[in-house]
Every structure is written in C-alpha cells, then in structure tokens.
Amino acid sequence: MTRRSLNLRPASLLLAGFLFLSIGYVGVLRPASQRSIELDRVLTNLWHSVVVSNATFAACAGVNPENFSDRLKALNRTQDEVGEARKLIDARVALPEEVAGRLKAPFQLLDFQSERQVLAEQLAAEAKAAGVGFQPAATNGLPQYLAETSNPALLWPRLFLSGELLRTAIACRVGEVRMLQQLPASDLVADAEVAGYIELPVQVEIAGQLEGVLRLLSCIPLRGTEFGEVDLAVTLTNKPALFLSRILARKASAERPTEVRLEAVVSGFVPLPPPIGGDSG
C-alpha cells in the first residue's frame, strides 16, 4: 500500500497542476487575451483617426511618429509667440480704466447724454482754437443712444474713441472735419476661455492740405504718446492705436491741387472678457 500510494502521488500532483493551470487560463489569461485583442482594435481605430486628421487639418499635415516631438516643440513655440503678440495688441488698444470699467457697469443714459454734450462742446472749442473747421456733421456724428441699441454699454468706448479720433485730427491741423458717422459693430464671437475683441468702426471725412491729411494718416495707428515719432509736438495721453481701412483720397478741386478730400473707415478694438457661462446677450 505504501509503495502504491507513492507511485500515485506524482500523478495526483500533475493532475492538480493541470487543473490549476486550466482554471488560471479560463479565469485570468483568456479574459486578459480578449481584453488585449479589444484594446488592439480600439488603438487601431484611434490610429486611423489620427491618420485621417493629418489628411484633414493643415496644422497636422506631415505629422508622423518620427517627427512628432519636433512638431510639438514648434507648436509650443508658436503658442508662446501668439501669447506675446496678444500682450502687445492688448497694450496698444488698451482703454483707460474709467472707460473699461463702464463696460462692466450698468448703463446710465443721463450720464452718457451729459458727457456726450460736454465732449461735443470741448471738441468744437479745441477745433476753433486750432483753426480747424468742424461741420455740424462732425460732432453730430458722436454716438447716440437709440431705442434699438442692443448693447448700450458699448456707447462709452464709442464715445471715447470718436473723441480721440477727432482730437487727433485737430492736433494734425487738418483743414476741416466734414463728417463723422458711426458704423455697425462687428458681430461678437467670444470663445468660452479666450477673451475676444469687438470692432467699433466709424467713417470720417476730412478735407485740407495734403501735409495735414498725411500727418493724420500717420498718427491714427499710433498711441497718443507716440506722436513724436512723426514729429508732432502733441501728446494725447489716453489715445489707443486705431486702424484704417477703405481709404479714399482725391483732390478737392482742380483749382486747389494741394488740397485733398479724405474718406476713411477708422476702427477701434475693444477687448471683452470671456463669458462666464451662458449667453452674454
């Protein structure tokens, strides 16, 4: 009995080991193998999506596993450069704190009407002292509150920017400001995480000697503290950079060849904060 039991023990151990391995395969290895096959399928689909993206988006064109790191570094450098450019733009179009604060405060119609009237009177007086003609359409073109005004808070930066444009024309000693007209603002599209800008354009009509008109065109893109760069001994402390488009200049008349008439669209850009959830109206 003893020798027979000893002969059966290795067989029993072998059988037990086989059963253990079978249970391990069925309970662990087989599910793991199936999971691995499923992951391979998911990764294959993801890789296919990456390949399709490369063919669809210009920014991803040519990206492959060999040059991925270099392209990522290049994109990071571009992101830094865009960030620096954004800081430069913000600094050049920055509004005075008082005007920027009014964008966030409830609009007060009486305060606006009063300040508009005061500004119109100041501009007319400054133009007269400088020998610059102001047609009624110049100060009448300052922004006004209308019943259909959808975002009255924007009237404050419109009023400020229009005043700085007219003061620039006075400082440049143009002959005459014939007309100022407010144009519709661009549609505001703000990202949920990135502050955007809204363009506030006006159309202006100027007449005068060529020298003064050219000086005005040179000063419009400058901040008011940079007028010395065009040899203008005047400083408008708060004037931001403004932007020109749709410029039309022609001779005033055949009898006065050195006098020109200028029509142009001048835009200021107001930085707006990103929306804090929901529509901003």
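A brief report on the enclosed structure follows.

As a further point, take the sheet that holds strand β3 (residues 196-209). With mixed pairing, 5 strands are arranged side by side in an open sheet as β1-β2-β3-β5-β4. In this open sheet, the two edge strands, each paired with only one partner strand, are β1 (133-134) and β4 (243-253). For strand β2 (residues 176-182) and β3, the ladder comprises 6 bridges, and the chain directions are antiparallel. Residue pairing in the sheet places Val-177 in a bridge with Ile-206 of β3.

This paragraph deals with the nonpolar core. Of all hydrophobic cores here, the largest spans 46 residues; its most connected members are Leu-142, Leu-165, Val-174, Val-177, Ile-206 and Val-270. Of all the secondary structure elements, the ones that give two or more residues to this core are α3 (97-104), α4 (109-130), α6 (155-171), β2, β3, α7 (210-219) and β5 (256-272). Top contributing element to this core by residue count: α6, with 10 residues. The residues contacting Val-174, other than those within four sequence positions of it, are Val-132, Ala-169, Ile-206, Ala-207, Gly-212, Val-213 and Leu-216.

On to α6. Spanning 17 residues, α6 covers 24 Å between terminal C-alpha atoms, matching the ideal 24 Å at 1.5 Å per step. Across the 17 residues that make up α6, a large majority, 17, are buried. With its phi angle positive at about 55°, Arg-173 sits one or two positions after the end of α6.

Right, let's talk about the packing of aromatic side chains for a bit. Applying the stated rule across the entire model yields 5 aromatic pairs. Consider the rings of Phe-112 and Trp-156, whose centres lie 5.3 Å apart with planes at 85°: the pair is edge-to-face. Of this pair, Phe-112 sits in helix α4 while Trp-156 sits in helix α6, and the two are 44 residues apart along the sequence. Take Phe-112: its relative accessible area is 1%, and that puts it in the buried class. Members of the aromatic cluster, each reached through a chain of ring pairs, are Phe-107, Phe-112, Tyr-145 and Trp-156. For the cation-ring pair, Arg-102 lies above Trp-156, with the distance from its terminal atom to the ring centre recorded as 3.8 Å.

About the cut-offs
Residues numbered from 1 in each chain as written. Predicted model: local features only at pLDDT ≥ 70, side-chain atom pairs only at ≥ 80, totals over all residues. Heavy atoms only, no water. Pairing = 2+ DSSP bridges. Helix = DSSP H or I, 4+ residues; strand = E, 2+ residues; numbered from the N terminus. Core = buried A, V, L, I, M, F, W, Y, C linked by side-chain atoms within 4.5 Å. Buried < 20%, exposed > 50% of the residue type's maximum accessible area, 1.4 Å probe, protein only. Contact = heavy atoms within 4.5 Å. Expected span 1.5 Å × (residues − 1). Phe/Tyr/Trp six-rings, centres within 6.5 Å; stacked < 30°, edge-to-face > 60°. Lys NZ or Arg CZ within 6 Å of the ring centre and 35° of its normal.

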